[in-house]
Amino acid sequence: MVNKQTVLPTMASGDDSPIFEDDESPPYSLEKMTDLVAVWEVALSDEVHKIEFEHGTTSGKRVVYVDGKEVIRKEWMFKLVGKETFYVGAAKTKATINIDAVGGFAYEYTLEINGKSLKKYMENRSKTTNTWVLHLDSEDFRVVLEKDTLDVWCNGKKMETAGEFVDDGTETHFNIGNHDCYIKAVSSGKRKEGIIHSLIVDNREIPETVE
């Protein structure tokens, strides 16, 4: 069996084609995941999801894990190239792993989200969402605003919100525990920048996080 150390260094690189270096170890024991070939982290509104892919280059075995949970297992596949499609997160976002041969016994693994390469999807997502990470009551919280729908997510849950018009824009109010929060939207006055969104928690502005 060709292991990942000999196969993967010859694979093509790229943001959506991860490659392990020889001195790196997969997140689980080698006994469990001897054919682990790729790991991706995908930031969606509900949370950052971890996708792992096993590919047996002799048996054709394909196994997909999402956040450590097995979602696809195919033990014997005569065709070593192809694709596997599955769904990720609370919104059931479509994900596809493409398996392509790149010469000899080397393979390239790329991840697509909603039909776009991971890189393009995340670039587009950065334009349509805002993300903030904050620490409250000894807990970490990740707040995401979807600008097209104005949905607010916090640690995997869509929040109940109340919108309010104010003099210089709008405020979307919600609560995290006993903390009063709102996202303020004001015009930047510049066409390219558009609307500026800010998260206020207990009257304190939280700096935005870049994912």
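J.: In this structure, what is going on with the confidence of the model for the protein? I would like to understand it.
T.: Detailed reading of the predicted model is not advised wherever pLDDT is low. Of all residues in the protein, 84% have pLDDT values of 70 or greater, and the mean over the chain is 85. In this model, residues 1-15 is a region of pLDDT below 50 whose contacts with residues beyond four sequence positions or in other chains number 36 contacts. Every residue in residues 19-31 scores below 50 in pLDDT, and together they form 23 contacts with partners more than four places removed in sequence or on other chains.

J.: Can you walk me through the nonpolar core in this structure?
T.: Among soluble globular proteins, nonpolar side chains are generally buried collectively. Grouped together as the largest cluster of nonpolar side chains are 22 residues, with contacts concentrated most on Trp40, Ile51, Phe53, Phe86 and Leu111. Dropping the residues within four chain positions of it, Phe86 is found in contact with Ile51, Val64, Val66, Val71, Ile72, Thr93, Lys94, Ala95, Ile97 and Leu111. Trp132, Val143, Cys154 and Ile206 belong to the second-largest nonpolar core, a separate cluster that totals 15 residues.

J.: Before we go on, may I ask you to explain the sheet that holds strand β1 (residues 36-43) in this structure?
T.: In a beta sheet, neighbouring strands pair by backbone hydrogen bonds and run either parallel or antiparallel. Pairing within the open sheet is antiparallel, and its 4 strands lie in the order β1-β2-β3-β4. The sheet is open, and its two borders are formed by β1 and β4 (69-74), each paired with just one other strand. Direction aside, neighbouring strands of the sheet carry axes that sit 15 degrees apart on average.

J.: Got a minute to help me understand the state of the cysteines in this structure?
T.: Such a bond, covalent and formed between the sulfur atoms of two cysteines, is termed a disulfide. For the structure on display, the rule yields 0 disulfides. The structure places no disulfide on Cys154, whose sulfur is separated from the nearest cysteine sulfur, that of Cys181, by 7.7 Å.

J.: Before we go on, may I ask you to explain the packing of aromatic side chains in this structure?
T.: By convention here, two paired aromatic rings are described through the distance between centres and the angle between planes. All chains considered together, the criterion is met by 1 aromatic pair. Ring geometry for Phe53 versus Tyr109: centroids 5.7 Å apart, planes at 65 degrees, classification edge-to-face. With a gap of 56 residues between them, Phe53 in strand β2 (residues 48-55) and Tyr109 in strand β7 (residues 107-113) connect regions that are remote in the sequence. Classification of Phe53 as buried rests on a relative accessible area of 0%.

J.: How should I be thinking about helix α2 (residues 118-128) in this particular structure?
T.: Residues separated by three or four positions in an α-helix point in the same direction, a consequence of the helix having 3.6 residues per turn. All of the buried residues along α2 are Leu118, Tyr121 and Arg125. Buried residues in α2, looked at end-on, bunch into an arc of 60 degrees, giving them a common side. Pointing more than 90 degrees away from the buried face of α2 are the exposed residues Lys120 and Lys127. Tucked inside the fold, the buried residues of α2 contact β1, β6 (93-101), β7, β8 (116-117), β9 (129-136) and β10 (139-146).

J.: When you look at the pattern of salt bridges in this model, what are you seeing that I'm missing?
T.: Close approach of charged atoms lets side chains of opposite charge pair. Counted by the stated rule, this structure contains 8 salt bridges. For Lys61, the salt bridge is made with Asp35, and the minimal N-O distance between the two is 3.2 Å. Taken together, the residues Lys61 in the loop between β2 and β3 (62-66) and Asp35 in the loop between α1 (4-7) and β1 connect sequence positions 26 residues apart. Taking relative accessible area as the criterion, Lys61 reaches 13% and is therefore assigned buried. With a closest N to O distance of 2.8 Å, Arg62 and Glu84 form a salt bridge. Here Glu84 lies in strand β5 (residues 82-88) and Arg62 lies in strand β3, a separation of 22 residues in the sequence.

J.: Help me understand the sheet that holds strand β12 (residues 157-158) in this model?
T.: Pairing within the open sheet is antiparallel, and its 4 strands lie in the order β9-β10-β11-β12. The two strands at the open ends of the sheet, each matched to only one other strand, are β9 and β12. Sheet analysis places β9 next to β10, joined by 8 bridges and oriented antiparallel. Paired with Thr131 across the two strands is Val144, which belongs to β10.

J.: What am I meant to see in unusual backbone geometry here?
T.: The phi torsion of most residues other than glycine is negative, and most of the peptide bonds are trans. In this structure, Asp137 takes a positive phi of about 50 degrees despite not being glycine. Its relative accessible area of 57% is what places Asp137 among the exposed residues. Positive phi, close to 65 degrees, is recorded for Asn203, a residue that is not glycine. Locating Asn203 in the fold gives a position in the loop between β16 (195-201) and β17 (204-206). Looking at Asn203, the relative accessible area reads 75%, which means it is exposed.

Quick notes on the rules
Residues numbered from 1 in each chain as written. Predicted model: local features only at pLDDT ≥ 70, side-chain atom pairs only at ≥ 80, totals over all residues. Heavy atoms only, no water. pLDDT = per-residue confidence, 0-100. Contact = heavy atoms within 4.5 Å. Core = buried A, V, L, I, M, F, W, Y, C linked by side-chain atoms within 4.5 Å. Buried < 20%, exposed > 50% of the residue type's maximum accessible area, 1.4 Å probe, protein only. Pairing = 2+ DSSP bridges. Helix = DSSP H or I, 4+ residues; strand = E, 2+ residues; numbered from the N terminus. Axes fitted to C-alpha atoms, helices over the stretch in contact; angles between N-to-C directions. Disulfide = S-S within 2.5 Å. Phe/Tyr/Trp six-rings, centres within 6.5 Å; stacked < 30°, edge-to-face > 60°. Arc of directions from axis to C-beta. Salt bridge = Lys/Arg side-chain N within 4 Å of Asp/Glu carboxyl O.

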